[in-house]
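A look at the structure
Each chain is listed here by its residues.
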Amino acid sequence: MSIQTMNVKEVAKKVLNKDQLFILDVRNEDDFNDWKIEGEQFSYVNTPYFDLIDGIDPIKDQLPTDQDILIVCAKGGSSEFVGEMLVEEGYENVYSLEGGMKAWSEHLEPIKVADLTDGGELYQFVRLGKGCLSYMIISGDEAATIDAVRMTDVFVDFAKEKGAKITHALDTHLHADHISGGRRLAEKTGATYWLPPKDATEVQYEYKPLNDQDVIQVGSSNIDVHALYSPGHTIGSTSFIVDDQYLLSGDILFVNSIGRPDLAGKAEDWVGDLRETLYSRYKEVSSELYVLPAHFMTNDELNEDGSVGEKLGTLYEKNHGLNVEDESEFRSMVTENLPPQPNSHQEIRETNMGKISPDHDRQREMEIGPNRCAIQ
């Protein structure tokens, strides 16, 4: 009997359905502690591959015999080797994760968030392995993406399935934790690529400046995307109000936290902008708007359908980052004791500026690990 495999889409379904799964992660302990596949009903054993080369005796008493065992490594090779040893020892229902954590990092799960005016639709693409959230608005035969990631074929194919062509690609800001797919989408489809000009002072390519109060129409059903300048995470950060119902907040506001201002080395300079956006600018829009952020930190933020979002008024009640009345306390919270910066964040920023063009394998390496765009 040979080792079976499980692909990342199957694992994603288990996460969203809150199924049980036992994971044997054979990466190094530091890598496992930094970033792993998370599921509400998942249990884990982490034993490095090199400790198992001579056999599985060190972990035999920790492995279940009555449920599936998914073996995970970085790329998929080591997990197959360990899986074959388990099968030889008589274990059944043993699976190796196809492509390992690299593949898990790249999987996108499209979830319909809403029906919009006159037949339009809004979709959220949940990148479970990275905590990134991308969006697509479809109206008639046109589509717009917001904060698309580098796996652009997913967006092109999804739009095509829905009978639409991508005509606009927007980024809320110059990303530092993942490589944007906006510019590549524009090159592939002929779409207009929009970027906030204050974040684009060093970019090496053409783009359409996205200014405060700009209105972008998608399709024939007048689904307006209103730009709302909202600096703080970056100096150009811009939110979008879609169909007067949804606030796409980029990396300024999350469900359980707020954005960090230090990824361009400007924490002290930008903390005031962050407070101004969260405590003044967002207070001027309707509290009934449903906030859809560009990231989530943990699976606790997933709603029952797997989407991520919450009403703005609810966040003003429950999100600690929106309830620090003392300005100096807020400044300290945002600039001190920040988590580590995202892996390769400067290289990612330069890639998104068009200054460097890493090959595909290097881009995958740069994005390995969790997103770290929140202050906590």
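Residues numbered from 1 in each chain as written. Predicted model: local features only at pLDDT ≥ 70, side-chain atom pairs only at ≥ 80, totals over all residues. Heavy atoms only, no water.

Here's the deal with the sheet that holds strand β18 (residues 310–311)
If you walk across this open sheet you meet the 6 strands as β13-β14-β15-β16-β17-β18, and the pairing is mixed. This sheet does not close on itself; its edge strands, each paired only once, are β13 (215–218) and β18. Looking at chain direction, strand β17 (residues 290–293) and β18 are connected through 2 bridges and run antiparallel. Within β18, the residue paired with Val 291 across the bridge is Glu 310. (Pairing = 2+ DSSP bridges. Helix = DSSP H or I, 4+ residues; strand = E, 2+ residues; numbered from the N terminus.)

As for the pattern of salt bridges
Tallying each qualifying case throughout the model produces 18 salt bridges. Across the pair Lys 13 and Glu 109 runs a salt bridge, and its minimum N-O distance is 2.9 Å. Within this pair, whereas Lys 13 is found in helix α1 (residues 8–17), its partner Glu 109 is found in strand β6 (residues 109–115), the two being separated by 96 residues in sequence. According to the relative accessible area criterion, Lys 13 is partly exposed, its value standing at 38%. (Salt bridge = Lys/Arg side-chain N within 4 Å of Asp/Glu carboxyl O. Buried < 20%, exposed > 50% of the residue type's maximum accessible area, 1.4 Å probe, protein only.)

Things to note about the nonpolar core
Judged by nonpolar contacts, the single largest core of 69 residues is most densely connected at Trp 104, Leu 253, Ile 258, Leu 278 and Phe 330. Here the element with the most residues in this core is α1; it accounts for 5 residues. Those residues in contact with Leu 253, other than ones at most four positions away along the chain, are Ile 258, Leu 278, Tyr 282, Val 291, Pro 293, Leu 312, Leu 315, Asn 319 and Leu 322. One finds Met 151, Leu 185, Tyr 193 and Tyr 205 within the second-largest nonpolar core, a separate group that totals 26 residues. (Core = buried A, V, L, I, M, F, W, Y, C linked by side-chain atoms within 4.5 Å. Contact = heavy atoms within 4.5 Å.)

So, the packing of aromatic side chains
The geometry of an aromatic ring pair comes down to the distance between the two centres and the angle between the two planes. Applying the stated criterion across every chain, the model contains 9 aromatic pairs. Ring centres 4.9 Å apart and planes at 55° place the aromatic pair Phe 125 and Phe 155 in the tilted group. You can see Phe 125 sitting in strand β7 (residues 121–127) and its partner Phe 155 sitting in helix α5 (residues 152–161), a full 30 residues away along the chain. Per residue, the accessibility class of Phe 125 equals that of Phe 155, and both read buried. Members of the aromatic cluster, connected to one another through ring pairs, are Tyr 123, Phe 125, Phe 155 and Phe 158. Residue placement shows Arg 275 over the ring face of Tyr 279; its charged tip is 4.2 Å from the ring centre. (Phe/Tyr/Trp six-rings, centres within 6.5 Å; stacked < 30°, edge-to-face > 60°. Lys NZ or Arg CZ within 6 Å of the ring centre and 35° of its normal.)

Some thoughts on the packing of α5 against helix α6 (residues 182–189)
Direction vectors running N to C along α5 and α6 enclose 50°, while the axes themselves pass 10 Å from each other. Between α5 and α6, the crossing angle belongs to the class labelled oblique. Crossing of α5 against α6: the hand is right-handed. The residues of α6 that touch α5, namely those facing Thr 152, Asp 153, Phe 155 and Val 156, are Arg 184, Leu 185, Lys 188 and Thr 189. (Axes fitted to C-alpha atoms, helices over the stretch in contact; angles between N-to-C directions. Parallel < 35°, antiparallel > 145°, perpendicular 65-115°, else oblique. Left-handed = near helix turned anticlockwise from the far one by under 90°.)

Considering the pairing of strand β16 (residues 246–250)
Burial of β16 is extensive: 5 of the 5 residues sit out of reach of the surface. Burial of the side chains of β16 extends over both faces: Tyr 246, Leu 248 and Gly 250 are buried on one face and Leu 247 and Ser 249 on the other. As defined by bridge partners, strand β15 (residues 238–242) adjoins β16 across 3 bridges and the pair is classed as antiparallel. If you follow Val 242 over to β16, its bridge partner there is Tyr 246. As consecutive antiparallel partners, β15 and β16 are separated by 3 residues, and within that stretch Asp 243 has a phi angle of approximately 60°, a positive value. As paired strands, β16 and β17 are joined by 4 bridges and run parallel to one another. Across the sheet, Leu 247 pairs through a bridge with Val 291, a residue of β17.

Examining the packing of helix α7 (residues 267–281) against helix α9 (residues 327–335)
For any two helices packed against each other, one specifies the crossing angle of their axes together with the interaxial distance. The N-to-C vectors of α7 and α9 enclose an angle of 120°; their axes lie 10 Å apart at closest approach. As the angle between them shows, α7 and α9 are arranged oblique. Crossing of α7 over α9 shows right-handed handedness. Residues Ala 267, Glu 268, Val 271, Gly 272, Leu 274, Arg 275, Leu 278 and Tyr 279 of α7 pack against Glu 327, Phe 330, Arg 331, Val 334 and Thr 335 of α9.

Focus on a nonpolar patch on the surface
Nonpolar side chains collect at one region of the surface, where Phe 50, Ile 53 and Phe 81 lie side by side and expose about 300 Å² of accessible area between them. Along the polypeptide, Ile 53 turns up in the loop between β3 (42–46) and β4 (69–72). Residue Ile 53 is classed as partly exposed on the basis of its relative accessible area, which comes to 38%. (Patch = residues over 30% accessible without salt bridge, like charges linked within 9 Å, V, L, I, M, F, W, Y side chains within 5 Å. Areas by Shrake-Rupley, 256 points an atom, 1.4 Å probe, with all protein chains shown as cover.)

As for the environment of Val 87
Mapped onto the fold, Val 87 is located in helix α3 (residues 77–88). Put simply, Val 87 and Ile 3 are 84 residues apart on the chain and 6.7 Å apart in space, counted from C-alpha to C-alpha.

Focus: the state of the cysteines
For the structure on display, the rule yields 0 disulfides. The thiol of Cys 132 is unpaired, and the distance to the nearest cysteine sulfur, on Cys 373, comes to 7.5 Å. Overall, Cys 132 belongs to the buried group, its relative accessible area being 1%. (Disulfide = S-S within 2.5 Å.)

Quick notes on the UniProt feature "domain: Rhodanese" (unreviewed entry) in the protein
With numbering matched to this structure, UniProt assigns "domain: Rhodanese" (unreviewed entry) to residues 17–113. For residues 17–113, the end-to-end C-alpha separation is 17 Å, with 27% helix and 24% strand making up the annotated structure. (UniProt positions renumbered as here; feature names shortened; annotations may be inferred.)

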